[in-house]
Amino acid sequence: SSRGAVPATQRSSWTSFLKSIASFSGDLSSLTAPPFILSPTSLTEFPAYWCERPDLFSAIADAKTDEDRSLAVLKWFISTLKDQYTSRNESMGSEKKPLNPVLGELFYGHWPDKNGRGKTNLLVEQVSHHPPITAYYISNPSKGLSLQGHNAQKTSFSGGSIIVRQVGHAVLTVLLPSGDKEEFLITLPRLRIDGLWYGSPYIELTDTSYIQSSTGWLSTIEYKGKGYFSGKSHSFKAVLSAPDGALADTIEGTWHTTSKNVLTGAPFHDVTGLKEEATVVDVEQQGEWESRQLWRAVAKGIREGDFETASREKSKIENEQRQRRKDEVTAGTKWELKHFVHIDNDPTYENLGKLFKANPPTEDAYIFQHNPPFGELGLETGAVKPGA
Ligand code: CLR
(Lines give C-alpha, C1' and ligand atoms only; values in the text may rest on other atoms or scores of the structure.)
Protein backbone atom coordinates (compact mmCIF):
# COMPACT_ATOMS: atom_id res chain seq x y z
CA SER A 1 0.00 0.00 0.00
CA SER A 2 0.96 3.65 -0.15
CA ARG A 3 1.49 3.65 3.62
CA GLY A 4 4.29 1.12 3.47
CA ALA A 5 6.25 2.29 6.51
CA VAL A 6 3.31 1.86 8.87
CA PRO A 7 3.03 -1.68 10.29
CA ALA A 8 -0.36 -3.18 9.39
CA THR A 9 -1.43 -3.48 13.05
CA GLN A 10 -0.65 0.21 13.71
CA ARG A 11 -2.40 1.77 10.69
CA SER A 12 -5.49 2.91 12.54
CA SER A 13 -3.54 4.30 15.43
CA TRP A 14 -1.26 6.17 12.98
CA THR A 15 -4.37 7.61 11.30
CA SER A 16 -5.78 8.81 14.60
CA PHE A 17 -2.40 10.25 15.56
CA LEU A 18 -2.34 12.24 12.30
CA LYS A 19 -5.90 13.40 12.89
CA SER A 20 -5.04 14.56 16.38
CA ILE A 21 -2.07 16.55 15.04
CA ALA A 22 -4.25 18.13 12.36
CA SER A 23 -6.86 19.33 14.83
CA PHE A 24 -4.37 20.54 17.40
CA SER A 25 -1.60 23.03 17.60
CA GLY A 26 0.82 23.50 20.40
CA ASP A 27 2.69 20.83 22.26
CA LEU A 28 3.11 17.74 20.06
CA SER A 29 5.10 15.98 22.72
CA SER A 30 1.96 15.33 24.73
CA LEU A 31 0.18 13.36 21.98
CA THR A 32 0.20 9.58 22.14
CA ALA A 33 1.82 8.08 19.06
CA PRO A 34 1.90 4.48 17.84
CA PRO A 35 4.94 2.40 18.87
CA PHE A 36 6.62 2.23 15.45
CA ILE A 37 7.29 5.98 15.51
CA LEU A 38 8.75 6.18 19.05
CA SER A 39 12.40 6.96 19.59
CA PRO A 40 14.24 5.78 22.74
CA THR A 41 16.15 9.07 22.93
CA SER A 42 15.14 12.08 24.99
CA LEU A 43 15.16 15.61 23.54
CA THR A 44 17.76 16.55 26.19
CA GLU A 45 20.30 14.67 24.07
CA PHE A 46 19.69 16.85 21.00
CA PRO A 47 21.97 19.78 21.91
CA ALA A 48 24.88 17.39 21.33
CA TYR A 49 24.24 17.91 17.61
CA TRP A 50 25.90 21.31 17.96
CA CYS A 51 29.26 19.73 18.44
CA GLU A 52 29.52 16.41 16.64
CA ARG A 53 32.22 17.98 14.47
CA PRO A 54 34.33 19.40 17.29
CA ASP A 55 37.23 20.40 15.05
CA LEU A 56 35.00 22.86 13.21
CA PHE A 57 33.88 24.30 16.54
CA SER A 58 37.40 24.82 17.81
CA ALA A 59 38.49 26.25 14.42
CA ILE A 60 36.38 29.32 15.23
CA ALA A 61 38.95 30.29 17.86
CA ASP A 62 41.83 29.92 15.41
CA ALA A 63 40.45 32.37 12.82
CA LYS A 64 42.41 35.63 12.80
CA THR A 65 40.06 38.36 11.53
CA ASP A 66 36.43 39.32 12.20
CA GLU A 67 35.50 38.24 8.68
CA ASP A 68 37.28 34.88 8.95
CA ARG A 69 35.67 34.25 12.33
CA SER A 70 32.23 34.89 10.89
CA LEU A 71 33.01 32.47 8.05
CA ALA A 72 34.28 29.86 10.54
CA VAL A 73 31.09 30.23 12.59
CA LEU A 74 28.97 29.90 9.44
CA LYS A 75 30.88 26.80 8.36
CA TRP A 76 30.51 25.17 11.79
CA PHE A 77 26.81 26.10 11.93
CA ILE A 78 26.00 24.72 8.45
CA SER A 79 27.95 21.59 9.33
CA THR A 80 25.71 20.91 12.37
CA LEU A 81 22.52 20.82 10.24
CA LYS A 82 22.96 17.31 8.89
CA ASP A 83 23.36 15.92 12.40
CA GLN A 84 20.54 18.06 13.82
CA TYR A 85 17.97 17.30 11.13
CA THR A 86 18.73 14.09 9.22
CA SER A 87 20.57 11.85 11.68
CA ARG A 88 17.47 10.04 13.00
CA ASN A 89 16.53 9.11 9.42
CA GLU A 90 19.97 7.60 9.05
CA SER A 91 20.08 5.78 12.37
CA MET A 92 16.40 4.75 12.69
CA GLY A 93 15.01 4.89 9.14
CA SER A 94 12.86 7.98 9.66
CA GLU A 95 12.28 10.92 11.95
CA LYS A 96 10.78 9.62 15.21
CA LYS A 97 9.03 11.03 18.23
CA PRO A 98 11.66 11.68 20.90
CA LEU A 99 11.02 11.12 24.61
CA ASN A 100 9.55 14.22 26.21
CA PRO A 101 12.00 15.27 28.95
CA VAL A 102 10.86 15.80 32.53
CA LEU A 103 11.55 19.04 34.39
CA GLY A 104 15.09 18.88 35.78
CA GLU A 105 16.29 16.15 33.44
CA LEU A 106 20.03 16.42 32.75
CA PHE A 107 22.40 15.33 30.02
CA TYR A 108 26.18 15.63 30.27
CA GLY A 109 28.88 14.68 27.81
CA HIS A 110 32.16 15.77 26.32
CA TRP A 111 34.40 15.46 23.28
CA PRO A 112 38.00 14.75 24.23
CA ASP A 113 40.96 16.93 23.34
CA LYS A 114 42.63 15.70 20.14
CA ASN A 115 45.21 17.35 17.89
CA GLY A 116 45.16 20.52 19.97
CA ARG A 117 41.46 21.20 19.50
CA GLY A 118 40.82 21.29 23.25
CA LYS A 119 38.17 19.47 25.25
CA THR A 120 34.56 20.40 24.59
CA ASN A 121 31.98 20.03 27.36
CA LEU A 122 28.24 19.59 26.98
CA LEU A 123 25.69 20.33 29.68
CA VAL A 124 21.92 20.17 29.14
CA GLU A 125 19.03 20.79 31.51
CA GLN A 126 15.31 20.56 30.91
CA VAL A 127 14.22 23.91 32.31
CA SER A 128 10.48 23.61 31.62
CA HIS A 129 8.06 20.75 31.05
CA HIS A 130 4.93 22.69 30.03
CA PRO A 131 5.85 23.87 27.45
CA PRO A 132 8.98 21.75 26.94
CA ILE A 133 12.11 23.95 27.01
CA THR A 134 15.66 22.62 26.90
CA ALA A 135 18.66 24.77 27.87
CA TYR A 136 22.28 23.95 27.08
CA TYR A 137 25.80 25.17 27.65
CA ILE A 138 28.64 23.92 25.47
CA SER A 139 32.15 25.11 26.17
CA ASN A 140 35.69 24.66 25.02
CA PRO A 141 37.52 26.56 27.79
CA SER A 142 41.01 26.11 26.35
CA LYS A 143 39.85 27.80 23.12
CA GLY A 144 37.78 30.46 24.89
CA LEU A 145 34.54 29.27 23.26
CA SER A 146 31.09 28.85 24.74
CA LEU A 147 27.65 28.33 23.27
CA GLN A 148 24.60 29.00 25.39
CA GLY A 149 21.05 28.52 24.21
CA HIS A 150 17.62 27.10 24.73
CA ASN A 151 14.99 25.64 22.49
CA ALA A 152 11.26 25.15 22.42
CA GLN A 153 8.92 24.49 19.53
CA LYS A 154 5.62 25.91 18.32
CA THR A 155 3.95 23.47 16.00
CA SER A 156 1.08 23.68 13.54
CA PHE A 157 -0.24 21.55 10.72
CA SER A 158 -0.45 22.63 7.10
CA GLY A 159 -0.89 20.83 3.79
CA GLY A 160 -0.27 17.44 5.38
CA SER A 161 2.98 18.52 7.04
CA ILE A 162 3.89 19.52 10.58
CA ILE A 163 5.34 23.03 10.66
CA VAL A 164 7.72 23.62 13.55
CA ARG A 165 8.73 27.14 14.48
CA GLN A 166 11.74 26.99 16.74
CA VAL A 167 11.48 29.30 19.71
CA GLY A 168 14.76 30.21 21.34
CA HIS A 169 18.20 31.17 20.14
CA ALA A 170 21.85 30.51 20.84
CA VAL A 171 24.69 32.85 21.71
CA LEU A 172 28.23 31.89 20.85
CA THR A 173 30.89 33.76 22.83
CA VAL A 174 34.50 33.91 21.70
CA LEU A 175 37.15 35.19 24.11
CA LEU A 176 39.84 36.66 21.88
CA PRO A 177 43.55 36.55 22.79
CA SER A 178 43.37 40.37 23.13
CA GLY A 179 40.96 39.87 26.02
CA ASP A 180 38.05 41.22 23.95
CA LYS A 181 34.85 39.25 23.70
CA GLU A 182 33.02 38.66 20.42
CA GLU A 183 29.44 37.44 20.48
CA PHE A 184 27.35 35.77 17.77
CA LEU A 185 23.57 35.63 17.96
CA ILE A 186 22.32 32.50 16.20
CA THR A 187 18.66 32.16 15.24
CA LEU A 188 17.13 28.86 14.19
CA PRO A 189 15.46 27.71 10.96
CA ARG A 190 11.85 26.67 10.57
CA LEU A 191 11.15 22.96 10.05
CA ARG A 192 8.62 21.19 7.90
CA ILE A 193 8.03 17.54 8.71
CA ASP A 194 7.01 15.79 5.48
CA GLY A 195 6.28 12.14 4.68
CA LEU A 196 3.73 11.78 7.48
CA TRP A 197 1.06 10.07 5.39
CA TYR A 198 3.49 7.29 4.50
CA GLY A 199 4.63 6.89 8.08
CA SER A 200 8.19 7.89 7.18
CA PRO A 201 8.61 11.45 8.42
CA TYR A 202 11.63 13.53 7.47
CA ILE A 203 12.61 17.16 7.98
CA GLU A 204 12.98 19.90 5.40
CA LEU A 205 14.28 23.30 6.53
CA THR A 206 12.50 26.44 5.36
CA ASP A 207 12.65 30.24 5.65
CA THR A 208 15.70 32.13 6.87
CA SER A 209 18.01 32.07 9.87
CA TYR A 210 20.73 34.52 10.91
CA ILE A 211 24.10 34.64 12.57
CA GLN A 212 24.85 38.17 13.73
CA SER A 213 28.29 38.98 15.07
CA SER A 214 28.90 41.79 17.55
CA THR A 215 31.55 43.04 15.07
CA GLY A 216 28.76 43.75 12.56
CA TRP A 217 29.32 40.82 10.19
CA LEU A 218 26.05 39.04 9.36
CA SER A 219 25.25 35.68 7.77
CA THR A 220 21.78 35.36 6.27
CA ILE A 221 20.92 31.75 5.52
CA GLU A 222 18.00 30.84 3.30
CA TYR A 223 16.68 27.28 3.19
CA LYS A 224 14.86 25.67 0.28
CA GLY A 225 13.69 22.19 -0.58
CA LYS A 226 13.22 20.44 -3.91
CA GLY A 227 12.59 22.72 -6.85
CA TYR A 228 14.46 25.84 -5.67
CA PHE A 229 18.05 27.11 -6.11
CA SER A 230 19.69 23.88 -7.23
CA GLY A 231 16.41 21.99 -7.37
CA LYS A 232 17.59 19.61 -4.66
CA SER A 233 16.18 18.97 -1.22
CA HIS A 234 18.10 20.40 1.77
CA SER A 235 19.42 23.32 -0.30
CA PHE A 236 20.64 26.53 1.26
CA LYS A 237 22.15 29.81 0.25
CA ALA A 238 24.14 31.86 2.74
CA VAL A 239 25.15 35.46 2.24
CA LEU A 240 27.84 37.05 4.38
CA SER A 241 27.66 40.81 4.64
CA ALA A 242 30.19 43.24 6.09
CA PRO A 243 29.40 45.70 8.90
CA ASP A 244 28.62 48.37 6.26
CA GLY A 245 26.15 46.01 4.58
CA ALA A 246 28.38 45.25 1.57
CA LEU A 247 28.13 41.72 0.23
CA ALA A 248 31.30 39.79 1.05
CA ASP A 249 30.57 36.16 0.19
CA THR A 250 27.85 33.85 -1.08
CA ILE A 251 27.76 30.14 -0.29
CA GLU A 252 25.46 27.63 -1.95
CA GLY A 253 24.95 23.92 -1.62
CA THR A 254 23.02 21.25 0.24
CA TRP A 255 23.50 21.33 4.00
CA HIS A 256 23.55 17.53 4.41
CA THR A 257 26.46 17.15 1.93
CA THR A 258 28.68 19.95 0.61
CA SER A 259 28.62 23.57 -0.47
CA LYS A 260 30.87 26.01 -2.23
CA ASN A 261 31.67 29.67 -2.43
CA VAL A 262 29.71 31.01 -5.37
CA LEU A 263 32.16 33.85 -6.11
CA THR A 264 35.39 31.86 -6.04
CA GLY A 265 34.15 28.30 -6.61
CA ALA A 266 36.14 27.17 -3.55
CA PRO A 267 34.67 24.30 -1.49
CA PHE A 268 33.03 25.54 1.71
CA HIS A 269 31.56 22.91 4.02
CA ASP A 270 31.68 19.10 3.69
CA VAL A 271 29.85 16.78 6.07
CA THR A 272 30.15 13.62 4.03
CA GLY A 273 32.74 12.40 6.56
CA LEU A 274 32.03 10.83 9.94
CA LYS A 275 30.62 12.69 12.89
CA GLU A 276 31.82 12.15 16.42
CA GLU A 277 29.30 11.34 19.13
CA ALA A 278 29.76 12.82 22.58
CA THR A 279 31.41 10.68 25.23
CA VAL A 280 28.81 10.01 27.93
CA VAL A 281 29.40 8.07 31.16
CA ASP A 282 27.88 4.59 31.29
CA VAL A 283 24.27 4.58 32.33
CA GLU A 284 25.20 2.57 35.49
CA GLN A 285 27.27 5.52 36.68
CA GLN A 286 24.66 8.16 35.91
CA GLY A 287 22.67 10.01 38.54
CA GLU A 288 18.93 9.49 38.78
CA TRP A 289 18.15 12.72 36.89
CA GLU A 290 20.48 12.00 34.01
CA SER A 291 18.56 11.27 30.85
CA ARG A 292 19.73 7.75 30.01
CA GLN A 293 19.33 6.60 33.62
CA LEU A 294 15.94 8.25 34.03
CA TRP A 295 14.51 6.76 30.81
CA ARG A 296 16.46 3.52 30.98
CA ALA A 297 13.52 1.10 31.30
CA VAL A 298 11.37 2.98 28.78
CA ALA A 299 14.18 3.10 26.22
CA LYS A 300 14.87 -0.61 26.71
CA GLY A 301 11.20 -1.41 26.11
CA ILE A 302 11.14 0.67 22.92
CA ARG A 303 14.38 -0.85 21.63
CA GLU A 304 13.24 -4.38 22.30
CA GLY A 305 9.72 -3.89 20.95
CA ASP A 306 8.24 -4.45 24.42
CA PHE A 307 5.84 -1.51 24.28
CA GLU A 308 3.79 -2.67 27.24
CA THR A 309 6.79 -2.31 29.53
CA ALA A 310 7.76 0.96 27.81
CA SER A 311 4.37 2.52 28.40
CA ARG A 312 4.10 1.22 31.98
CA GLU A 313 7.54 2.66 32.82
CA LYS A 314 6.67 5.93 31.09
CA SER A 315 3.49 6.25 33.16
CA LYS A 316 5.53 5.68 36.34
CA ILE A 317 7.79 8.61 35.47
CA GLU A 318 4.86 10.83 34.54
CA ASN A 319 2.92 10.00 37.70
CA GLU A 320 5.96 10.64 39.84
CA GLN A 321 6.33 14.03 38.14
CA ARG A 322 2.67 14.92 38.69
CA GLN A 323 3.00 14.01 42.37
CA ARG A 324 6.11 16.20 42.69
CA ARG A 325 4.29 19.19 41.22
CA LYS A 326 1.36 18.63 43.62
CA ASP A 327 3.70 18.36 46.59
CA GLU A 328 5.38 21.61 45.57
CA VAL A 329 2.01 23.38 45.45
CA THR A 330 1.13 22.00 48.89
CA ALA A 331 4.48 23.00 50.34
CA GLY A 332 4.45 26.36 48.55
CA THR A 333 7.84 25.64 47.00
CA LYS A 334 9.08 25.83 43.42
CA TRP A 335 11.36 23.52 41.48
CA GLU A 336 14.87 25.02 41.42
CA LEU A 337 16.87 24.90 38.21
CA LYS A 338 20.28 23.37 38.73
CA HIS A 339 22.51 25.12 36.19
CA PHE A 340 20.55 28.02 34.70
CA VAL A 341 18.81 31.23 35.69
CA HIS A 342 15.90 32.48 33.61
CA ILE A 343 15.87 36.09 32.37
CA ASP A 344 12.85 37.65 30.69
CA ASN A 345 14.82 39.70 28.21
CA ASP A 346 18.17 38.61 26.77
CA PRO A 347 20.16 41.82 26.15
CA THR A 348 22.43 40.06 23.63
CA TYR A 349 19.41 38.99 21.59
CA GLU A 350 17.88 42.45 21.75
CA ASN A 351 21.09 44.35 20.88
CA LEU A 352 22.38 42.09 18.11
CA GLY A 353 18.87 41.29 16.88
CA LYS A 354 18.29 45.01 16.14
CA LEU A 355 21.03 44.86 13.50
CA PHE A 356 19.04 42.47 11.28
CA LYS A 357 15.55 43.32 12.58
CA ALA A 358 15.06 40.05 14.40
CA ASN A 359 11.50 38.85 14.74
CA PRO A 360 10.47 38.81 17.57
CA PRO A 361 12.55 41.83 18.72
CA THR A 362 13.13 40.39 22.19
CA GLU A 363 13.41 36.91 23.66
CA ASP A 364 13.97 35.42 27.07
CA ALA A 365 16.98 33.26 27.89
CA TYR A 366 18.46 30.79 30.36
CA ILE A 367 21.86 31.91 31.60
CA PHE A 368 24.37 29.26 32.65
CA GLN A 369 25.58 29.57 36.24
CA HIS A 370 29.27 28.88 36.65
CA ASN A 371 28.78 27.26 40.03
CA PRO A 372 31.27 24.81 41.48
CA PRO A 373 31.88 22.05 40.69
CA PHE A 374 30.54 22.99 37.27
CA GLY A 375 32.85 25.92 36.75
CA GLU A 376 34.61 25.89 33.41
CA LEU A 377 37.43 23.71 34.67
CA GLY A 378 35.53 21.39 36.98
CA LEU A 379 32.91 20.43 34.42
CA GLU A 380 32.87 16.67 34.39
CA THR A 381 30.25 14.26 33.18
CA GLY A 382 28.25 12.51 35.84
CA ALA A 383 30.30 14.10 38.57
CA VAL A 384 27.40 15.42 40.55
CA LYS A 385 24.10 13.88 41.51
CA PRO A 386 21.32 16.46 41.43
CA GLY A 387 19.98 17.18 44.86
CA ALA A 388 23.24 16.03 46.46
C1 CLR B 1 15.07 20.14 18.76
C2 CLR B 1 16.28 21.07 18.79
C3 CLR B 1 17.39 20.50 17.92
C4 CLR B 1 16.91 20.30 16.50
C5 CLR B 1 15.64 19.49 16.45
C6 CLR B 1 15.56 18.45 15.58
C7 CLR B 1 14.36 17.63 15.39
C8 CLR B 1 13.09 18.17 16.04
C9 CLR B 1 13.47 18.71 17.43
C10 CLR B 1 14.51 19.87 17.35
C11 CLR B 1 12.20 19.09 18.23
C12 CLR B 1 11.15 17.99 18.28
C13 CLR B 1 10.75 17.50 16.88
C14 CLR B 1 12.06 17.06 16.19
C15 CLR B 1 11.58 16.34 14.96
C16 CLR B 1 10.29 15.64 15.39
C17 CLR B 1 9.95 16.18 16.80
C18 CLR B 1 10.04 18.62 16.12
C19 CLR B 1 13.87 21.16 16.80
C20 CLR B 1 8.42 16.21 17.08
C21 CLR B 1 8.07 16.64 18.51
C22 CLR B 1 7.82 14.81 16.93
C23 CLR B 1 6.81 14.76 15.84
C24 CLR B 1 6.26 13.39 15.70
C25 CLR B 1 6.44 12.89 14.27
C26 CLR B 1 7.82 12.42 13.96
C27 CLR B 1 5.44 11.85 14.01
O28 CLR B 1 18.50 21.37 17.94
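So, how was this worked out
- Residues numbered from 1 in each chain as written.
- Predicted model: local features only at pLDDT ≥ 70, side-chain atom pairs only at ≥ 80, totals over all residues.
- Heavy atoms only, no water.
- pLDDT = per-residue confidence, 0-100.
- Contact = heavy atoms within 4.5 Å.
- Axes fitted to C-alpha atoms, helices over the stretch in contact; angles between N-to-C directions.
- Helix = DSSP H or I, 4+ residues; strand = E, 2+ residues; numbered from the N terminus.
- Parallel < 35°, antiparallel > 145°, perpendicular 65-115°, else oblique.
- Left-handed = near helix turned anticlockwise from the far one by under 90°.
- Phe/Tyr/Trp six-rings, centres within 6.5 Å; stacked < 30°, edge-to-face > 60°.
- Buried < 20%, exposed > 50% of the residue type's maximum accessible area, 1.4 Å probe, protein only.
- Arc of directions from axis to C-beta.
- Polar contact = N/O pair within 3.5 Å; in protein donor to acceptor, adjacent residues only side chain to side chain.
- Salt bridge = Lys/Arg side-chain N within 4 Å of Asp/Glu carboxyl O.
- Patch = residues over 30% accessible without salt bridge, like charges linked within 9 Å, V, L, I, M, F, W, Y side chains within 5 Å.
- Areas by Shrake-Rupley, 256 points an atom, 1.4 Å probe, with all protein chains shown as cover.
- Core = buried A, V, L, I, M, F, W, Y, C linked by side-chain atoms within 4.5 Å.

**Overview of the confidence of the model for the chain**
Right, on to step 1. Overall, the predicted model of the chain reaches an average pLDDT of 93, with 95% of residues at or above 70.
Right, on to step 2. A low-confidence stretch, residues 375-388 stays under pLDDT 50, and its non-local contacts, those more than four residues away or across chains, total 32 contacts.

**Overview of the packing of helix 5 (residues 296-304) against helix 6 (residues 307-331)**
Right, on to step 1. Between helix 5 and helix 6, the shortest axis-to-axis distance is 7 Å and the interhelical angle comes to 160°. By the criterion of interaxial angle, the relationship of helix 5 to helix 6 is roughly antiparallel. Once helix 5 is placed against helix 6, the crossing between them reads as left-handed. Within the contact between the two elements, helix 5 uses A297, V298, G301 and I302 and helix 6 uses F307, A310, E313, K314 and I317.

**Some points on the packing of aromatic side chains**
Right, on to step 1. Tallied over the full model, the rule gives 12 aromatic pairs.
Right, on to step 2. For the pair F340 and F368, a centre-to-centre distance of 5.9 Å together with 65° between the ring planes defines the contact as edge-to-face. Taken together, the positions of F340 in strand 17 (residues 340-343) and F368 in strand 18 (residues 365-368) put the pair 28 residues apart, joining distant regions of the chain. The pair formed by F340 and F368 is uniform in burial state, with each residue classed as buried.

**Topic: helix 7 (residues 347-355)**
Right, on to step 1. Among the residues of helix 7, those classed as buried are T348, Y349, L352 and G353. Around the axis of helix 7, the buried residues are gathered within 110° of arc, so they sit on the same side.
Right, on to step 2. Each element contacted by the buried residues of helix 7 is listed here: strand 8 (170-175), strand 9 (181-186) and strand 11 (202-213).
Right, on to step 3. Sitting at the head of helix 7, D346 places a side-chain oxygen 3.0 Å from the backbone nitrogen of T348.

**What to know about the pattern of salt bridges**
Right, on to step 1. Counted by the stated rule, this structure contains 20 salt bridges.
Right, on to step 2. One salt bridge connects K275 with E52, and the closest N-O pair in it is separated by 3.2 Å. With K275 in the loop between strand 16 (267-270) and helix 4 (291-294) and E52 in the loop between strand 1 (38-42) and helix 2 (54-62), this residue pair connects regions lying 223 residues apart in the sequence.
Right, on to step 3. Note on E52: relative accessible area 5%, which makes it buried.
Right, on to step 4. Between E320 and R324 there is a salt bridge; the shortest N-O distance is 3.2 Å.

**Observations regarding a nonpolar patch on the surface**
Right, on to step 1. On the surface, L247, V262 and L263 cluster together into a nonpolar patch covering about 290 Å² of accessible area.
Right, on to step 2. Secondary-structure assignment places L263 in the loop between strand 15 (258-261) and strand 16.

**Considerations on unusual backbone geometry**
Right, on to step 1. Residue P131 is bonded to the preceding H130 through a cis peptide linkage, with omega at 0°.
Right, on to step 2. Examined against the element boundaries, P131 turns out to sit in the loop between strand 4 (120-128) and strand 5 (133-140).
Right, on to step 3. P360 follows N359 through a cis peptide bond whose omega is 0°.
Right, on to step 4. A positive phi angle, close to 50°, is found at N115, a residue other than glycine.
Right, on to step 5. Residue placement: N115 occurs in the loop between strand 3 (106-111) and strand 4.
Right, on to step 6. Residue class for N115 comes out exposed when judged on its relative accessible area of 78%.

**Topic: the environment of H129**
Right, on to step 1. Relative to the elements of secondary structure, H129 occurs in the loop between strand 4 and strand 5.
Right, on to step 2. Taking C-alpha positions, H129 is 29 Å from E276, a pair spaced 147 residues apart along the chain.
Right, on to step 3. Those residues in contact with H129 that sit more than four places away from it in its chain are N100, P101, V102 and L103.
Right, on to step 4. A polar side-chain atom of H129 sits 3.0 Å from the main-chain carbonyl oxygen of P101.

**Some words on the nonpolar core**
Right, on to step 1. Membership of the largest hydrophobic core comes to 60 residues, with the highest contact counts inside it found for W76, F77, L147 and L172.
Right, on to step 2. With nine residues, the single largest contributor to this core is helix 3 (residues 66-92).
Right, on to step 3. Residue contacts for F77: discarding those within four places in its chain leaves W50, I186, T187, S209, I211, I221 and Y223.
Right, on to step 4. In terms of nonpolar packing, the next biggest core, distinct from the first, is built from 20 residues, I133, A135, W289 and W295 among them.

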